[in-house]
Amino acid sequence: MAMEVRVNLLPRLLNEETDVAVVIDVLRATSTMTAALHFGAKKIVPVLSVEEAKKYREDNFEVLTVGERGSKKIDGFDLGNSPRELSEEMIEGKELVITTTNGTVAVSKSKRARKVILASFLNLGSVVRLLKRESGRIELQCAGTDGDPSLEDTLLAGALVSQLEIGHINDSCRISSVLYEAVKDNLESFILENGVHAKRLVSLGFFEDVGFCAKINLYDLVPLWRDGGFVRG
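Here the structure is a predicted model, which means the values were calculated and not measured.

Draft legend 1. Structural context of the overall build of the protein. Helix and strand counts for the protein stand at ten helices and ten strands. Since a compact globule built from 233 residues should have a radius of gyration of about 17 Å, the 16 Å found for the protein is in line with a globular shape. C-alpha atoms of the protein, sized along the principal axes, occupy 50 × 40 × 30 Å. Of all 233 residues assigned to the protein, the portion counted as buried reaches 55%. Long-range contacts, defined here as pairs at least 24 residues apart, represent 77% of the contacts in the protein between residues at least 6 apart. With an accessible surface of roughly 10,300 Å², the protein has 47% of that area assigned to carbon and sulfur atoms. For the protein, the centre of its 29 positive side-chain charges and the centre of its 34 negative side-chain charges are spaced 2 Å apart.

Draft legend 2. The nonpolar core, seen in detail. In terms of nonpolar packing, the biggest core is built from 39 residues, with Val 22, Ile 24, Leu 131, Leu 140 and Leu 160 touching the most fellow members. Take this core: its biggest share by element is seven residues, from helix α6 (residues 151-164). When near neighbours in sequence (up to four residues on either side) are disregarded, Leu 140 contacts Val 5, Arg 6, Val 7, Asn 8, Val 22, Ile 24, Ala 157, Leu 160 and Val 161. If you look at the next biggest cluster of nonpolar residues, it comprises 29 residues, including Leu 37, Ile 98, Val 107 and Val 116.

Draft legend 3. Inspection of helix α1 (residues 29-38) at higher detail. Along α1, nine of the ten residues are buried, which leaves the element largely enclosed by surrounding structure. Taken together, the buried positions of α1 are occupied by Ala 29, Thr 30, Ser 31, Thr 32, Met 33, Thr 34, Ala 35, Ala 36 and Leu 37.

Draft legend 4. The arrangement of unusual backbone geometry in detail. The amide bond that connects Leu 27 to the next residue, Arg 28, takes the cis arrangement and shows omega of 15°. Relative to the helices and strands, Arg 28 is located in the loop between β2 (20-24) and α1. One non-glycine residue with positive phi stands out, namely Ser 71, at about 75°. The residue Ser 71 is located in the loop between β4 (64-69) and β5 (72-73) in this model. Residue Glu 165 is not a glycine yet carries a positive backbone phi of 55°. Among the structural elements, Glu 165 can be located in the loop between α6 and α7 (171-183). Note on Glu 165: relative accessible area 66%, which makes it exposed.

Draft legend 5. Representation of the packing of helix α5 (residues 124-131) against α6 in the model. For the pair α5 and α6, interaxial distance at closest approach is 10 Å and the crossing angle is 50°. One way to sum up the angle between α5 and α6 is to call them oblique. Note that α5 runs across α6; the crossing there is right-handed. From α5, Leu 124, Val 127, Val 128 and Leu 131 reach across to α6, where they touch Leu 156, Ala 159, Leu 160, Gln 163 and Leu 164. Split into classes, the residues belonging to the contact of α5 with α6 amount to eight nonpolar, one polar and no charged.

Draft legend 6. Fine view of α5. Most of α5 is tucked away, with seven of its eight residues classed as buried. By the burial criterion, the buried members of α5 are Leu 124, Gly 125, Ser 126, Val 127, Val 128, Leu 130 and Leu 131. Here the buried face of α5 lies against β1 (3-8), β2, β7 (115-119), β8 (136-142) and α6.

Draft legend 7. The packing of aromatic side chains, seen in detail. Inspection of every chain in the model, using the stated rule, returns two aromatic pairs. Measuring from ring centre to ring centre gives 6.4 Å for Phe 39 and Tyr 219, while their planes differ by 70°; the resulting arrangement is edge-to-face. With Phe 39 in the loop between α1 and β3 (43-46) and Tyr 219 in the loop between α10 (207-213) and β9 (223-226), the pair connects residues that are 180 residues apart, well separated along the chain. Side by side, Phe 39 and Tyr 219 carry an identical accessibility label, which is buried. When the ring of Trp 225 is compared with that of Phe 230, the centres are 5.1 Å apart and the planes differ by 75°; the resulting orientation is edge-to-face.

Draft legend 8. Quick peek at the side chain of Thr 34. Structurally, the position occupied by Thr 34 is in helix α1. Residue Thr 34 is classed as buried on the basis of its relative accessible area of 0%. In this structure Thr 34 touches Ser 120, Asn 123, Tyr 219, Leu 221 and Pro 223, once residues within four positions along its chain are discounted.

Draft legend 9. Quick peek at the pattern of salt bridges. Tallied over the full model, the rule gives twelve salt bridges. Residue Arg 137 pairs with Glu 17 through a salt bridge whose shortest N-O separation is 3.9 Å. Of this pair, Arg 137 sits in strand β8 while Glu 17 sits in the loop between β1 and β2, placing them 120 residues apart in sequence. Here Arg 57 makes a salt bridge to Asp 78, at a shortest N to O gap of 2.7 Å. With Arg 57 in helix α2 (residues 50-59) and Asp 78 in the loop between β5 and α3 (88-91), this residue pair connects regions lying 21 residues apart in the sequence. Overall, the relative accessible area of 30% leaves Asp 78 in the partly exposed class. It is possible to trace a salt-bridge network through shared partners that takes in Arg 28, Arg 84, Glu 208 and Asp 209.

What counts and what doesn't
Residues numbered from 1 in each chain as written. Predicted model: local features only at pLDDT ≥ 70, side-chain atom pairs only at ≥ 80, totals over all residues. Heavy atoms only, no water. Helix = DSSP H or I, 4+ residues; strand = E, 2+ residues; numbered from the N terminus. Rg over C-alpha atoms; globule rule 2.2 N^0.38 Å. Buried < 20%, exposed > 50% of the residue type's maximum accessible area, 1.4 Å probe, protein only. Contact = heavy atoms within 4.5 Å. Areas by Shrake-Rupley, 256 points an atom, 1.4 Å probe, with all protein chains shown as cover. Lys, Arg positive; Asp, Glu negative; His and termini not counted. Charge placed at Lys NZ, Arg CZ, Asp CG, Glu CD. Core = buried A, V, L, I, M, F, W, Y, C linked by side-chain atoms within 4.5 Å. Axes fitted to C-alpha atoms, helices over the stretch in contact; angles between N-to-C directions. Parallel < 35°, antiparallel > 145°, perpendicular 65-115°, else oblique. Left-handed = near helix turned anticlockwise from the far one by under 90°. Nonpolar A, V, L, I, M, F, W, Y, C, P; charged D, E, K, R; others polar. Phe/Tyr/Trp six-rings, centres within 6.5 Å; stacked < 30°, edge-to-face > 60°. Salt bridge = Lys/Arg side-chain N within 4 Å of Asp/Glu carboxyl O.

Here's what the structure looks like:
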């Protein structure tokens, strides 16, 4: 079966006909979850609400709570939604429960796909290698920001489309891949200068997070959905 790739600039509710869902939230959920698995997290469980995360923690006090609302760390949580906060000493062997404004919503809409993975610039090469072994319908689920498409998610979708070298692509694929090819040599500065969400993060003191999340291939792993959470695949 040939590969059919679709870019969703905002996440669609997928069904079982999707072979692979690739969830993208560059700033910052998929970057943070990828970094956490790199540092040895045992499992990452995404949930939609702060209440769900707290309930999950109540059932297991060893679990670390991670998340943000309005880009800021949630009161009482162990960690915010920043890949730069993480370390092996803090994360290794731990289970994490995470809730974010956009990324965990995109995960929720993707769960019915046969395989669900997370993509960031940090693990771009690993995701491309996995997808090249796949066939059928592959949906790139950009999380967006508060209901609007986001520049950085669209750029990562474009990077995936370009590197997969797909013969037949639709307009959503073409829009994202043309944009990525045009700015790939100045990716970090382009996101910082033009991304609405990036500018908001900078205004809140997360300038270094934006630059970090634009780094390509820092980590060689693919977060894979298995038994209610993401594990290192």
